[in-house]
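Residue-level structure breakdown
Here is how the chains run, residue by residue.
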Amino acid sequence: MKAIINNKFEVDLSKPIDISLPLSNTEKNPIAWYIEKPQIEPVRFGSWVGSVKGGATTNFNNIFFNPHGHGTHTECLGHITKEFFSINQALKTFFFNAQLISIQPEQQGEDFVITKSQVEKALGNAIPEALIIRTLPNLDEKKSKNYSHTNPPYLHEEAAIYIREKGIQHLLIDLPSVDKEKDEGKLLAHKAFWNVKDVNDLNNDARKNATITELIFVDDAVKDGSYLLNLQIASFENDASPSKPVLFSME
């Protein structure tokens with residue numbers, strides 16, 4: 001947090017910019033990784049239904065969802081390691097100086113890839129704690145797309161290494177994964193960003209407090225540049241949690 005503390009700026013907390021996608025039990029919910037939409041339904045005990053509309057005194061819903069496949073989520077290196085690591089333990093501070101950049105992935109064969117040179121050019125001399133990547137074209141269909149079997153764009157391993165070597169701790173992107181959808185389990189960008197060399201025997205210099213947030217959406221009205229990021233998660237002892245990243249303009 002030193003980079004924020006040592007700079008003076010003003011933030012209007014009454015003007016948050018929410019870059020998360022909500023979770024719902026409708027067909028408009030974004031989906032990835034070959035699963036069905038989330039389920040949100042009242043608890044049932046015999047003839048009792050946890051719904052005010054159904055005659056109960058309260059609404060009392062069960063929610064069944066997958067954080068990785070059902071909307072904006074934040075994950076730690078426990079997503080890819082044999083040893084258990086929790087996002088709730090990895091993320092202990094929640095405000096960061098952040099840089100928003102927009103990139104149109106380059107076509108490489110049948111893939112569209114975010115390259116190191118693109119990230120390097122877009123970042124310039126900025127060294128933020130958090131990097132937010134908005135991919136172009138920035139279509140509204142991102143808010144409700146079923147990404148399964150669509151081979152979405154992804155982050156090249158060299159770009160992930162560059163981001164790590166810049167000292168960026170938190171990476172946010174509007175794609176279902178920083179890696180290629182069907183990559184034979186290589187997970188090159190995940191491993192590069194977290195500096196994980198062996199998922200079965202974790203190296204000492206792996207980045208246990210770094211996070212990746214996927215399936216965000218940044219409206220076109222939000223201009224590239226510097227922001228204050230509030231990265232909110234639910235307190236799940238799991239490798240990932242649904243999350244609500246919120247930006248604030250800095251003056």
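These lines cover the structure that appears in this document, whether it is placed above or below.

Definitions and limits used
Residues numbered from 1 in each chain as written. Predicted model: local features only at pLDDT ≥ 70, side-chain atom pairs only at ≥ 80, totals over all residues. Heavy atoms only, no water. Helix = DSSP H or I, 4+ residues; strand = E, 2+ residues; numbered from the N terminus. Rg over C-alpha atoms; globule rule 2.2 N^0.38 Å. Areas by Shrake-Rupley, 256 points an atom, 1.4 Å probe, with all protein chains shown as cover. Lys, Arg positive; Asp, Glu negative; His and termini not counted. Charge placed at Lys NZ, Arg CZ, Asp CG, Glu CD. Buried < 20%, exposed > 50% of the residue type's maximum accessible area, 1.4 Å probe, protein only. Contact = heavy atoms within 4.5 Å. Phe/Tyr/Trp six-rings, centres within 6.5 Å; stacked < 30°, edge-to-face > 60°. Lys NZ or Arg CZ within 6 Å of the ring centre and 35° of its normal. Arc of directions from axis to C-beta. Patch = residues over 30% accessible without salt bridge, like charges linked within 9 Å, V, L, I, M, F, W, Y side chains within 5 Å. Salt bridge = Lys/Arg side-chain N within 4 Å of Asp/Glu carboxyl O. Core = buried A, V, L, I, M, F, W, Y, C linked by side-chain atoms within 4.5 Å.

Okay, the overall build of the protein next. Helix and strand counts for the protein stand at 5 helices and 15 strands. Since a compact globule built from 251 residues should have a radius of gyration of about 18 Å, the 19 Å found for the protein is in line with a globular shape. When the accessible surface of the protein is totalled, it reaches about 13200 Å², and 50% of it is carbon and sulfur. Each charge sign in the protein was given a centre, from 26 positive and 33 negative side chains, and these centres are 3 Å apart.

Let us look at the environment of Lys197. Counting through the fold element by element, Lys197 comes out in the loop between helix H5 (188-194) and strand E13 (211-214). Take Lys197: its relative accessible area is 60%, and that puts it in the exposed class. Here the alpha-carbon distance between Lys197 and Asn29, two residues 168 residues apart in the chain, equals 35 Å. When sequence neighbours within four positions are dropped, the list of residues in contact with Lys197 reads Asn203 and Asp205.

This part is about the packing of aromatic side chains. Evaluation of the coordinates by the stated rule reveals 5 aromatic pairs. Here the aromatic residues Phe45, Trp48 and Phe60 are joined through ring pairs into a cluster of three or more. Positioned above the aromatic ring of Phe193, the side-chain terminus of Arg207 is 4.5 Å from the ring centre.

Take helix H4 (residues 157-165) next. Every buried residue belonging to H4 is among Ala159, Ala160, Tyr162 and Ile163, and all of these are buried. The arc enclosing the buried residues of H4, seen along the axis, measures out at 160 degrees, which places them on a common side. Each element contacted by the buried residues of H4 is listed here: strand E9 (111-114), helix H3 (116-123), strand E10 (130-135), strand E11 (154-155), strand E12 (170-173) and H5. In the segment just after H4, Gly167 is the residue with positive phi, at about 85 degrees.

Turning next to H3. Within H3, burial applies to Gln118, Val119 and Leu123. Buried residues of H3 fall within an arc of 120 degrees about the axis and therefore sit on the same side. Contacts made by the buried residues of H3 are with strand E7 (95-103), strand E8 (106-108), E9, E10 and H4. Directly after H3, the chain includes Gly124, whose backbone phi takes a positive value near 60 degrees.

With that out of the way, let us pick up a nonpolar patch on the surface. A surface patch of nonpolar side chains, about 340 Å² in accessible area, is lined by Phe45, Trp48 and Phe60. Inspection of the secondary structure puts Phe45 in strand E3 (residues 44-45).

By size, the foremost hydrophobic cluster in this structure holds 50 residues, and its most contacted members are Val119, Leu131, Ile132 and Leu155. Looking at this core, the elements that each hand over two or more residues are helix H2 (87-90), E7, H3, E10, H4, E12, H5 and strand E14 (225-233). Here this core takes 5 residues from E7, the largest share from any one element. Leaving out residues up to four positions away in the same chain, Ile132 has contacts with Ile19, Ala98, Gln99, Leu100, Ile101, Leu172, Ile216, Val218 and Leu247.

On to the pattern of salt bridges, then. Where charged atoms of side chains with opposite charge meet at close range, the side chains can pair. Taken as a whole, this structure holds 11 salt bridges when the rule is applied. Residue Lys37 is joined to Glu27 by a salt bridge in which the shortest nitrogen-to-oxygen separation is 3.4 Å. Note that Lys37 is positioned in the loop between strand E1 (17-18) and strand E2 (39-42) and Glu27 in the loop between E1 and E2, a separation of 10 residues in sequence. The exposure class of Glu27 is exposed, given its relative accessible area of 63%.

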